[in-house]
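If you want the building blocks of each chain, they are given just below.
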Amino acid sequence: GETAEMPGFYSEDEYDLAGFSVGVVDKSKILDKETMQEGDVLIALPSSGVHSNGFSLVRKVFQVEKGGLDRRYADLGQTLGETLLTPTRIYVKPVLALLKAGVRIRSISHITGGGFYENVPRMLPAGIVAKIEKAAMPVPPVFDLIAKTGKIPERDMYNTFNMGAGLILAVAAEDASRAVAAISAAGEQAYVIGECVNGAEKGVELV
């Protein structure tokens, strides 16, 4: 948990109350990103939309303090407010399904605030670069609308929002097909969006 910085939302003398939980895991079951290597496959699970990050920018782009949340856009199929309030997707069930299927997950990145450029490197060991193909993952229309309305450069979009990828998993190449099948069996979609390559420094490359 953390105390979120949400300008334009909290007024003076207002604050939020954050909580946290502590869990225990068997040492043998801890995910170890140090086992990642060149050739590992990156799999993305789709988001349900903006989720709960980037709303300070969203509020600025659409000037929500002046209204407009009831406005309808053809690409959204519902009002702007309904789209922005779509509940955040939680990925516990598909991840548990993967573990139950015996797929060894090398590492996981939840694409939250900071988008791809801040979150993906956290799942990588030194010397590994996540090479991600943007076209491999469908981008929900709301992100195109945000970019066009706010005239936001593509890199900034990928550095703020999940852009349709709520969770990214790394598995060995030989486990990729089994991983996608297990996720599908759990009722979720899964997309192979890239691979791990060697690099001088860890990081993410979007192509």
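Here, residues in each chain are numbered from 1, in the same order as that chain's written sequence. The predicted nature of this model means local features are confined to residues of pLDDT at least 70 and side-chain atom pairs, given and counted, to a pLDDT of 80 or more, with totals for whole chains, interfaces and linings taken over all residues. Derived side-chain values reflect all non-hydrogen atoms in the structure, with water molecules and hydrogen atoms excluded from consideration.

A. The arrangement of the overall build of the chain in detail. What the chain contains, in helices and strands, is seven helices and six strands. Here a helix means four or more residues in a row that DSSP labels H or I, a strand means two or more in a row labelled E, and each is numbered from the N terminus. Helices and strands appear in the chain in the N-to-C order β-α-α-α-β-α-β-α-α-β-α-β-β. By the compact-globule yardstick of 17 Å for 207 residues, the chain fits well, its C-alpha radius of gyration being 18 Å. Projected onto its principal axes, the C-alpha positions of the chain cover 50 × 40 × 35 Å. The proportion of buried residues among the 207 residues of the chain is 40%. Contacts in the chain between residues far apart in sequence, at least 24 positions, make up 82% of those at least 6 positions apart. Surface summary for the chain: the accessible area is close to 11900 Å², and the carbon and sulfur share equals 52%. Positive residues here are Lys and Arg, negative ones are Asp and Glu, while His and the chain termini are left out of the count. The atom standing in for a charge is NZ when the residue is Lys, CZ when it is Arg, CG when it is Asp and CD when it is Glu. With 21 positive and 26 negative side-chain charges, the chain shows a separation of 4 Å between the mean positions of the two kinds. Using C-alpha atoms as the atom set, the radius of gyration is obtained and then compared with a globule rule of 2.2 Å times the number of residues to the power 0.38. Buried residues are those whose accessible area, probed at 1.4 Å on protein chains only, stays under 20% of the maximum for their type, while exposed residues exceed 50% and partly exposed ones sit between those limits. Here, two residues are considered to be in contact whenever any of their heavy atoms come within 4.5 Å of each other. The accessible surface values rely on the Shrake-Rupley method and a 1.4 Å probe; as for residues, cover is taken only from the protein chains in view.

B. Up close: the packing of helix α1 (residues 55–62) against helix α5 (residues 141–150). Note on method: axes are straight lines fitted to C-alpha atoms, helices fitted across the in-contact stretch only, with angles between N-to-C directions ranging 0 to 180 degrees. One way to put it is that α1 packs onto α5 with a least axis distance of 9 Å and a crossing angle of 55°. As judged from the angle between their axes, α1 and α5 are oblique. For the crossing formed where α1 meets α5, the hand is left-handed. Listed contacts from α5 to V58, V61 and F62 of α1 are L145, I146, T149 and G150. Gly falls in the polar group here, along with every residue not listed as nonpolar (Ala, Val, Leu, Ile, Met, Phe, Trp, Tyr, Cys, Pro) or charged (Asp, Glu, Lys, Arg). Its residues placed into classes, the contact of α1 with α5 shows five nonpolar, two polar and no charged. The labels follow the angle: roughly parallel below 35 degrees, roughly antiparallel above 145, roughly perpendicular from 65 to 115, and oblique for the rest. In this scheme the crossing of two helices becomes right-handed for a clockwise turn of the near helix relative to the far one and left-handed for an anticlockwise turn of less than a right angle.

C. Looking closely at the nonpolar core. Here, nonpolar core means buried Ala, Val, Leu, Ile, Met, Phe, Trp, Tyr and Cys residues that are tied together by side-chain atoms lying within 4.5 Å of each other. If you look at the biggest cluster of nonpolar residues, it comprises 38 residues, and the most contacted ones within it are L42, F62, F116, V120, I132, I146 and I168. When residues of this core are assigned to their parent elements, the largest contribution, five residues, is made by α5.

D. Summary view of α5. Of all the residues in α5, the buried ones are V142, F143, L145, I146 and A147. Two residues or fewer after α5 comes K151, characterised by a positive phi angle close to 50°.

E. Broad picture of the packing of helix α3 (residues 92–100) against helix α7 (residues 176–185). It is at 9 Å that the axes of α3 and α7 come closest, and there the two elements cross at 130°. The pairing of α3 with α7 is recorded here as oblique in orientation. Judged by the sense of rotation from one axis to the other, the crossing of α3 with α7 is right-handed. Contact residues: P94, A97 and L98 in α3; A179, A182 and I183 in α7. Among the residues making up the contact of α3 with α7, the classes are represented as six nonpolar, no polar and no charged.

F. Region of the structure containing the packing of aromatic side chains. Aromatic contacts are taken between Phe, Tyr and Trp rings whose centres are within 6.5 Å, Trp giving its six-membered ring; a plane angle under 30 degrees counts as stacked, one over 60 as edge-to-face, and the others as tilted. Tallying each qualifying case throughout the model produces two aromatic pairs. Aromatic pair F143 and F161: ring centres 5.7 Å apart, planes at 50°, arrangement tilted. Of this pair, F143 sits in helix α5 while F161 sits in the loop between α6 (154–158) and β4 (165–171), placing them 18 residues apart in sequence. If you follow R155 out to its NZ or CZ, it ends over the ring of Y117, 3.8 Å from the centre. Our definition puts a charge over a ring when NZ of Lys or CZ of Arg is within 6 Å of the ring centre and also within 35 degrees of the ring normal.

G. Representation of the sheet that holds strand β6 (residues 203–206) within the structure. With mixed pairing, the six strands of this open sheet are ordered in space as β2-β4-β1-β5-β3-β6. Each of the sheet's edge strands pairs with one partner strand only, and the pair in question is β2 (105–110) and β6. Across the sheet, the mean angle separating the axes of adjacent strands is 25° when strand polarity is ignored. Note on pairing: two strands pair once DSSP finds at least 2 bridges between them. Pairing of strand β1 (residues 41–46) with β4 involves six bridges; the strand directions are antiparallel. Residue pairing across strands places A44 opposite I168, the latter belonging to β4.

H. Molecular detail of a nonpolar patch on the surface. A surface patch of nonpolar side chains, amounting to about 520 Å² of accessible area, comprises L31, I90, V92, L96, L99 and I108. Here the nonpolar patch takes three residues from α3, the largest share from any one element. Mapped onto the elements, I108 comes out in strand β2. In this scheme, patches are assembled from residues that exceed 30% relative accessible area and form no salt bridge. Like charges are connected within 9 Å, while nonpolar side chains (Val, Leu, Ile, Met, Phe, Trp, Tyr) are connected within 5 Å. Salt bridge, as used here: a side-chain nitrogen of Lys or Arg that lies within 4 Å of a carboxyl oxygen of Asp or Glu.

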